[in-house]
Amino acid sequence: MQASAVHWRARPPLSSQVVITGGTRGLGFQLARAFLALGDDVCISGRAPGAVEAAAAKLRSEFPRCTVVGVPADAARDAEALSARAAAELGHIVSRLIG
């Protein structure tokens, strides 16, 4: 009796869409880097527009295959706008919100 060959098809890793408030520096920025290293798409937010764009640009240069969105917003006041922009920019329903 011959054993039949089993062919396994490699499945791409599942990616998530992550929103991180306060993602321009410190722990939030490091969390963004960690999720991007896993292949996830990330939206970071912060109150200072210049800091948001600088952090997003740095993450994009480090992880060119992932989507990085920077949204200047105060998460406490602009939660709905932040959520809507993240979903529109990432093209998916957001999987995780870290704040």
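Shown above is the structure to which this text applies.
Residues numbered from 1 in each chain as written. Predicted model: local features only at pLDDT ≥ 70, side-chain atom pairs only at ≥ 80, totals over all residues. Heavy atoms only, no water.

## Some details on the overall build of the chain
Step number 1: Helix and strand counts for the chain come out as three helices and four strands.
Step number 2: Ordered by position from N to C terminus, the α and β elements of the chain give β-α-β-α-β-α-β.
Step number 3: Taking all 99 residues of the chain together, the buried fraction comes to 34%.
Step number 4: Once local pairs closer than 6 in sequence are excluded, the contacts in the chain between residues at least 24 apart make up 62%. (Helix = DSSP H or I, 4+ residues; strand = E, 2+ residues; numbered from the N terminus. Buried < 20%, exposed > 50% of the residue type's maximum accessible area, 1.4 Å probe, protein only. Contact = heavy atoms within 4.5 Å.)

## What about the nonpolar core?
Step number 1: Ranked by internal contacts, the top residues of the largest apolar core, which has 14 residues, are I20, A32, L36, V42, I44 and L59.
Step number 2: Elements with a minimum of two residues in this core: β1 (17-21), α1 (26-37), β2 (41-46) and α2 (49-62).
Step number 3: The residues contacting L36, other than those within four sequence positions of it, are V42, L59, F63, C66, T67 and V68.
Step number 4: Ranked by size, the runner-up nonpolar core spans eight residues in total, among them C43, A73, L82 and L90. (Core = buried A, V, L, I, M, F, W, Y, C linked by side-chain atoms within 4.5 Å.)

## Regarding the pairing of strand β3 (residues 68-72)
Step number 1: Of all five residues in β3, four are buried; the element is thus mostly enclosed.
Step number 2: Bridging between β2 and β3 involves five bridges; their strand directions are parallel. Counterpart to I44 in the pairing with β3 is G70.
Step number 3: Traced from β2 through α2 to β3, the parallel crossover comes out right-handed. (Pairing = 2+ DSSP bridges. Right-handed = clockwise from strand over helix to strand, strands pointing away.)

## Remarks on the pairing of β1
Step number 1: Counted residue by residue, β1 has five buried out of five residues, so it is predominantly covered.
Step number 2: Bridge analysis of β1 against β2 gives five bridges, and the strand direction is parallel. The residue of β2 that forms the bridge with V18 is V42.
Step number 3: The parallel pair β1 and β2 is bridged by α1, and the resulting crossover is right-handed.

## Structural notes on the packing of α1 against α2
Step number 1: Running from amino to carboxyl end, α1 crosses α2 at an angle of 25°, the nearest separation of the two axes being 11 Å. By the angle between their axes, α1 is roughly parallel relative to α2. In the crossing of α1 with α2, the sense of the turn from one axis to the other is right-handed. Residues F29, A32, R33 and L36 of α1 form the contact with α2, whose participating residues are A55, K58, L59 and E62.
Step number 2: Considering only residue class, the contact of α1 with α2 consists of five nonpolar, no polar and three charged. (Axes fitted to C-alpha atoms, helices over the stretch in contact; angles between N-to-C directions. Parallel < 35°, antiparallel > 145°, perpendicular 65-115°, else oblique. Left-handed = near helix turned anticlockwise from the far one by under 90°. Nonpolar A, V, L, I, M, F, W, Y, C, P; charged D, E, K, R; others polar.)

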